[in-house]
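This is what each chain is made of:
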Amino acid sequence: MIKFLDLHKINARFEIEFRAAFKKFLDSGYYVLGNNVTQFEKSFANYCGTQHCIGVSNGLDALTLILEAYKIQGKLQEGDEIIVPANTYIASILGITKAGLKPVLVEPNLETFNIDAAAVEAAITWKTRAILVVHLYGQLTDMRPIQDIAKKQNLLIMEDAAQAHGAVNSEGKKAGNLSDAAGFSFYPTKNLGALGEAGAVTTNDAELAEIIRKLRNYGTSSKYVNQYKGVNNRLDEIQAAFLNIKLRQLDADNEERSDVALRYCMGIDNPEIRLPTHPRDGSHVFHQFVIRTENRSKLQKYLAESEVGTLIHYEIPPHKQEAYKEWNHLHFPITEKIHNECLSLPISPVMDEFDVNTIISLLNSYSNH
Ligand SMILES: *Cc1c(COP(=O)(O)O)cnc(C)c1O
């Protein structure tokens, strides 16, 4: 059986260091917002190239906190429109609605799966205040045209970087440092994954960072002094300890992912299977390796019968979810095509070559007829 993702194998590599970090944590008697969180915030800001990083409870809270902080700054107001890709994980959109703002869904590019700049421009109204890009499946959004639009229209840009830790553009700038503020998730399956829930915000805006730092901790400015109606969205100390250890391995892990992706791209040769783009410049960190095929359920069943695990990211687009009934009548042909045809193959930094070759052979002998 080739698992879709072997999380135990990924984390077993760090067992000795994890146990030592846990012992130190236990013995310290200090379990919330301690040295491990401070250290991680410093290291992750440094890694991303941003001036600030605020550790938070998860990726959804990271996005929500950014938007709430902008409301406090007066840069966003309830009811403002935020442009977001229609084909994202629902968390990107939940963050916007949770903050009392209005998501405006736009189509992606079929080849990159990322937001289409022309569609962004067409969706702008007098109420548009920001664009939330999502570096989907680990591939950076082409930011140049987005930045041009934002400048012209005086809009904020935010990144949902939950799938793109370490992705780097042609100027050497990393995900999390390509906009006004970015939200990261360290959910266990992500390229940088904790052993539980965790997230972060990165930004170069000192004032925004300070507001988020307070908001995540009950709006506290100093002990028992509450400046804002905050929340409890703190990054857990033990998760920060684990993340400090795993961050050192992130670049090497991303290279392993890229190697697997390259092998798939060179090896898979079947007219019924469309491969993702593989820019070999570090701008895609292959959180997922997503192929498209017309008869997806047949291909998924064929692989399952050959004991290969696959997943669909994602089967139902946000506008077709019951949670957003008000959008169920909307039609986004490119988004719907992606959701109907996409299939994620196993990819991870610990996948062995034999398994990759097995999957390639299986796909090359697959026929839809
Ligand atoms: C995982 C993910 C999130 C949410 O992160 P959580 O830590 O699960 O809250 C948000 N956006 C995208 C694109 C994600 O992949």
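Draft legend 1. Quick peek at the nonpolar core. Counting 43 residues, the largest nonpolar core has Phe 40, Phe 44, Ile 83 and Phe 186 as its most contacted members. Within the residue set of this core, elements represented by two or more residues are α3 (35-48), β3 (102-106), α6 (117-123), β4 (128-134), α7 (143-153), β6 (181-185) and α9 (237-247). It is α3 that provides the largest number of residues to this core, a total of six residues. Among residues more than four places away in sequence, those in contact with Ile 83 are Val 104, Val 106, Ile 115, Val 120, Ala 123, Ile 124, Thr 128, Ala 130, Ile 131 and Leu 132. Among the nonpolar cores identified, the runner-up in size contains 34 residues, and Ile 54, Ala 69, Ile 90 and Ile 96 belong to it.

Draft legend 2. A look at the site of the ligand. Taken together, Asn 58, Gly 59, Leu 60, Tyr 89, Ala 91, Val 134, Asp 160, Ala 162, Gln 163, Ser 185 and Lys 190 form the complete shell of residues around the ligand. Here an oxygen atom of the ligand sits 2.6 Å away from a polar atom, N or O, in the side chain of Lys 190. Within the complex, the protein chains bury 91% of what would otherwise be the 380 Å² of accessible surface of the ligand. For the shell around the ligand, the per-class residue count stands at five nonpolar, four polar and two charged.

Draft legend 3. View of the environment of Glu 17. Of note, Glu 17 is situated in helix α2 (residues 15-28). Beyond its immediate sequence surroundings of up to four residues, Glu 17 is in contact with Ile 245 and Arg 248. Looking at Glu 17, its side chain comes within polar contact range of the side chain of Arg 248, at 3.1 Å.

Draft legend 4. How the structure looks around helix α11 (residues 296-305). All of the buried residues in α11 are Arg 296, Leu 299 and Leu 303. Each buried residue of α11 sits inside an arc of 70 degrees when the element is viewed along its axis, so together they form one side. Exposed residues on α11 whose side chains face more than 90 degrees from its buried face are Ser 297, Lys 301 and Glu 305. Trailing α11 by a residue or two, Glu 307 shows a phi angle of about 65 degrees, which is positive.

Draft legend 5. Representation of the packing of helix α4 (residues 59-73) against helix α8 (residues 206-215) in the model. Contact geometry of α4 with α8 gives a least axis separation of 9 Å together with a crossing angle of 115 degrees. Compared by their axis directions, α4 and α8 come out roughly perpendicular. Between α4 and α8 lies a crossing of right-handed hand. Here Leu 65, Ile 66, Glu 68, Ala 69, Tyr 70, Ile 72 and Gln 73 of α4 come into contact with α8, specifically with Glu 207, Leu 208, Ile 211, Ile 212 and Leu 215. When the residues that make up the contact of α4 with α8 are grouped by side-chain class, the tally is nine nonpolar, one polar and two charged.

Draft legend 6. A look at the pairing of strand β2 (residues 81-85). Burial within β2 is extensive, with five of its five residues counted as buried. Of the two faces of β2, the one holding Glu 81, Ile 83 and Pro 85 and the one holding Ile 82 and Val 84 are both buried throughout. Across five bridges, the pairing between β2 and β3 is parallel. From the neighbouring strand, Val 84 faces β3, where its bridge partner is Leu 105. Since β2 and β3 lie parallel, the crossover through helix α5 (residues 90-98) that links them has a hand, and here it is right-handed. Of the pairings in the sheet, the one linking β2 to β4 comprises three bridges and is parallel in character. Residue pairing in the sheet places Ile 82 in a bridge with Ala 130 of β4.

Draft legend 7. Region of interest: the sheet that holds β4. Strand order across the open sheet formed by seven strands is β1-β7-β6-β5-β4-β2-β3, with mixed pairing between neighbours. If you trace the sheet from one side to the other, it starts and ends with β1 (52-56) and β3, each paired once. The average angle at which neighbouring strand axes cross in this sheet is 20 degrees, direction not considered. α3 rests against β1, β6 and β7 (199-203) of the sheet, and its axis sits at about 130 degrees to β1.

Draft legend 8. Spatial organisation of unusual backbone geometry. Omega for the bond connecting His 313 with Tyr 314 falls within 30 degrees of zero, at 10 degrees, which places this linkage in the cis form. If you trace the backbone, Tyr 314 turns up in the loop between α11 and α12 (333-341). Even without glycine at this site, Phe 286 takes up a positive phi of about 45 degrees. Despite not being glycine, Glu 307 has its phi angle at roughly 65 degrees, a positive value. As for its position among the elements, Glu 307 is in the loop between α11 and α12.

Draft legend 9. Inspection of a nonpolar patch on the surface at higher detail. Together, Phe 22, Leu 26, Tyr 31 and Val 32 make up an exposed nonpolar region whose accessible area comes to about 360 Å². By the element assignment, Tyr 31 lies in the loop between α2 and α3. Given a relative accessible area of 38%, Tyr 31 falls into the partly exposed group.

Parameters and conventions
Residues numbered from 1 in each chain as written. Predicted model: local features only at pLDDT ≥ 70, side-chain atom pairs only at ≥ 80, totals over all residues. Heavy atoms only, no water. Core = buried A, V, L, I, M, F, W, Y, C linked by side-chain atoms within 4.5 Å. Buried < 20%, exposed > 50% of the residue type's maximum accessible area, 1.4 Å probe, protein only. Helix = DSSP H or I, 4+ residues; strand = E, 2+ residues; numbered from the N terminus. Contact = heavy atoms within 4.5 Å. Near = heavy atom within 4 Å. Polar contact = N/O pair within 3.5 Å; in protein donor to acceptor, adjacent residues only side chain to side chain. Areas by Shrake-Rupley, 256 points an atom, 1.4 Å probe, with all protein chains shown as cover. Nonpolar A, V, L, I, M, F, W, Y, C, P; charged D, E, K, R; others polar. Arc of directions from axis to C-beta. Axes fitted to C-alpha atoms, helices over the stretch in contact; angles between N-to-C directions. Parallel < 35°, antiparallel > 145°, perpendicular 65-115°, else oblique. Left-handed = near helix turned anticlockwise from the far one by under 90°. Pairing = 2+ DSSP bridges. Right-handed = clockwise from strand over helix to strand, strands pointing away. Patch = residues over 30% accessible without salt bridge, like charges linked within 9 Å, V, L, I, M, F, W, Y side chains within 5 Å. Salt bridge = Lys/Arg side-chain N within 4 Å of Asp/Glu carboxyl O.

From the geometry alone we can't say anything about function, so treat these as descriptive.
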